[in-house]
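Okay, here's what each chain looks like letter by letter:
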Amino acid sequence: MEARAKAPAAPGLAPPVFSVKAQLDRTLLQLRSRTSPIEKYTFLAQVKQADVEAFYKLCLEYMSEITPIIYTPTVGDACLQYSKIYRNPEGLFISLKDKGRIGNILRNWPLANEARISVVTDGSRILGLGDLGVNGMPIAVGKLSLYVAGAGIRPSSTLPITLDLGTNNSSNLSDPLYLGLRQRLPSDAEYDAFMDEFITEMGRVYPKVLVQFEDSSTDHAFSYLERFRNSLPLFNDDIQGTGAVVLAGLLSVARLVPIPRNEHRILLFGAGSASIWLVDSRGLVYVGREEVADYKMYFARRHYTGLPMKDLAEIVKYVKPTALLGLSTITGAFTPEVIRQMSQNTPRPIIFPLSNPVHLSERTFAEALKHSNGTAIFASGSPFGSEFIGGVRREPGQGNNMYIFPGLGLGAILCRAKSVTDSMVQASALGLAGSLSWDERALELVYLRIERIREISDDNKQ
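A brief look at the structure comes next. None of these values were measured; they are calculated from a predicted model.

1. Some remarks on the pairing of strand E11 (residues 377-380)
Alternating residues of E11 divide into Ile377 and Ala379 and Phe378 and Ser380, and every residue in both groups is buried. Where strand E10 (residues 350-353) lies against E11, 2 bridges are found, and the strand directions are parallel. What sits directly across from Ile350, in E11, is Ile377. Once the chain exits E10 it traverses helix H16 (residues 365-371) before rejoining the sheet at E11, and the crossover so formed is right-handed. Note: E11 against strand E14 (residues 397-398), 2 bridges, orientation parallel. Across the sheet, residue Ser380 finds its bridge partner in E14, namely Gln398.

This is how it looks when you write it as structure tokens:
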């Protein structure tokens, strides 16, 4: 469970010369002595359990250093290794075997009366890593740490929940240390019945809690957002948060491209309306193509009559997009040929490889700059370092949902929203797009610096 702030030591129980500031410096030194990201992750988890106040002081004072450790990209490795590195419970686990008594399980949370925000995952699609089952708990824990660091929500108000309905991951099923149910995922009917009970009981036990769905399989993510969004205050960060941060990024960089906004053409590789073209694993999505999921039909091209196209370079040449967004989790999908073709379409190609974690990114920052002769405007899902090109230091953007969900969540909690509406999500995107300082604009940044996250979260809550 979430730790409380550490009480001051009684006389004699602390060294004679001790200060909170020096202890924070000491903790930072110990953190930096760890050599691997996962070692740093487990160290910070121990700090959080021992002294939650010190943990969040570190997060606030060293935001750009700490955020990649407690969330992407390191949280992906933490999920993969969760059943091996697990030490103490940090959230609630509700399994399929708890059906019929989910309300009783929910009441077991020690800080139930203080809970105001819950991140809920079923672990079925963690980042770009797929079905990790109960090993997805670090996602819920990490997201809530960002609510505290990014928006100032009290740590005691957070409630991480992992729903364990089984897993189809054979590695989990054969792992003797796996912490979840050793059974395959149930039928959709069983899944729906479980989720119906869970949402009903959440509304009864936690009427003041905002629910954020996180990292569910694509079909369930869309269907459960639609099914439950008016049952209680709820949103899906993978759908709405990602959409908002990408929209904000596109609005932000439009100032850098000598093309009217209404003339941009956006190609979305991985899952897009008028000027948005969608490409999935089977190629260009259009009306009449076989095997197009219902949620993709809204974006299907209605007037395309050519032959099926699957090669991305061929599609880019045909569509002539000015912006290319990647949500495919296919490493290197934006090939040099694709980047060069994008550069022929527009003097400043917008390249957003948004897949997480880093090793699944469609293209690195350095490669995008190289193959566009330095003209690319770049933002990714996971962080990349800065690059020098033509003697100029260029900084990549990171389309981090942390720019959206802390402020959106805080605002929904403060106004006691009964639902999270599309207009609220849109307002957060517009607020983020207009948040860059003059200095940040001069550097051609896509998003504001992460150190200013509380400032924009405070603005977005309104």
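2. Brief notes about the pattern of salt bridges
Scanning the entire structure with this criterion turns up 22 salt bridges. Here Glu197 makes a salt bridge to Lys99, at a shortest N to O gap of 3.7 Å. Of this pair, Glu197 sits in helix H10 (residues 188-205) while Lys99 sits in the loop between strand E1 (92-95) and helix H7 (102-106), placing them 98 residues apart in sequence. Owing to a relative accessible area of 16%, Glu197 belongs among the buried residues under this scheme. With a relative accessible area of 42%, Lys99 lands in the partly exposed category. Salt-bridge contacts for Glu455 lead to Arg452; the nearest nitrogen and oxygen are separated by 2.8 Å. With a relative accessible area of 42%, Glu455 lands in the partly exposed category. Through salt bridges with shared partners, a single ionic network connects Lys143, Glu214 and Asp237.

3. Overview of the sheet that holds strand E8 (residues 283-284)
Ordered by their spatial adjacency, 7 strands build an open sheet running E8-E7-E6-E9-E10-E11-E14, and the pairing between neighbours is mixed. Strand pairing shows two members of the sheet lacking a second neighbour, E8 and E14, which therefore form its edges. In terms of strand pairing, strand E6 (residues 266-269) meets strand E7 (residues 276-280) through 4 bridges, oriented parallel. From the neighbouring strand, Leu268 faces E7, where its bridge partner is Leu278. Packing against the sheet, helix H12 (residues 237-253) makes contact with E6, strand E9 (323-326), E10 and E11, and its axis sits at approximately 160° to E10.

4. So, the pairing of strand E4 (residues 210-213)
Residues Leu210 and Gln212 of E4 are buried on one face, and the alternating residues Val211 and Phe213, pointing to the opposite face, are buried as well. As judged from the 4 bridges shared by strand E2 (residues 117-121) and E4, these two strands associate in the parallel manner. Residue Val119 lies in a different strand from E4, and its bridge partner there is Gln212. The pairing of E4 with strand E5 (residues 234-236) spans 3 bridges and is parallel. The residue bridging Phe213 from the neighbouring strand is Asn236, located in E5.

5. Comments concerning the environment of Ala429
Summarising the element assignment, Ala429 is placed in helix H18 (residues 422-433). The sequence separation of Ala429 and Gly288 amounts to 141 residues, and the corresponding C-alpha distance is 33 Å.

6. A few points about the packing of aromatic side chains
How two aromatic rings sit relative to each other is set out by the distance from centre to centre and by the angle between their planes. Enumeration over the complete set of coordinates arrives at 14 aromatic pairs. Ring centres of Phe222 and Tyr295 lie 4.5 Å apart, and the angle between their planes is 15°; this geometry places the pair in the stacked category. Assessed through its relative accessible area of 34%, Phe222 is described here as partly exposed. In this structure Tyr295 comes out as partly exposed when scored by relative accessible area, which is 25%. The rings of Trp277, Tyr286, Tyr304 and Tyr318 are connected pair by pair, giving a single aromatic cluster. Above the face of the Trp277 ring, Arg301 is positioned so that its terminal group lies 3.8 Å from the ring centre.

7. With respect to helix H15 (residues 336-345)
Listed in full, the buried residues belonging to H15 are Val338, Ile339, Gln341 and Met342. Viewed end-on, H15 has its buried residues packed into an arc of 160°, placing them on one side of the element. Its buried side turned inward, H15 meets helix H14 (312-319), E9, E10 and H16.

8. Considering the nonpolar core
A general tendency of soluble globular proteins is for nonpolar side chains to be buried together. Grouped together as the largest cluster of nonpolar side chains are 83 residues, with contacts concentrated most on Phe352, Leu432 and Tyr447. Ile94, Tyr224, Phe228 and Leu232 belong to the second largest nonpolar core, which has 31 residues in total.

Reading the values: rules and limits
Residues numbered from 1 in each chain as written. Predicted model: local features only at pLDDT ≥ 70, side-chain atom pairs only at ≥ 80, totals over all residues. Heavy atoms only, no water. Buried < 20%, exposed > 50% of the residue type's maximum accessible area, 1.4 Å probe, protein only. Helix = DSSP H or I, 4+ residues; strand = E, 2+ residues; numbered from the N terminus. Pairing = 2+ DSSP bridges. Right-handed = clockwise from strand over helix to strand, strands pointing away. Salt bridge = Lys/Arg side-chain N within 4 Å of Asp/Glu carboxyl O. Contact = heavy atoms within 4.5 Å. Axes fitted to C-alpha atoms, helices over the stretch in contact; angles between N-to-C directions. Phe/Tyr/Trp six-rings, centres within 6.5 Å; stacked < 30°, edge-to-face > 60°. Lys NZ or Arg CZ within 6 Å of the ring centre and 35° of its normal. Arc of directions from axis to C-beta. Core = buried A, V, L, I, M, F, W, Y, C linked by side-chain atoms within 4.5 Å.

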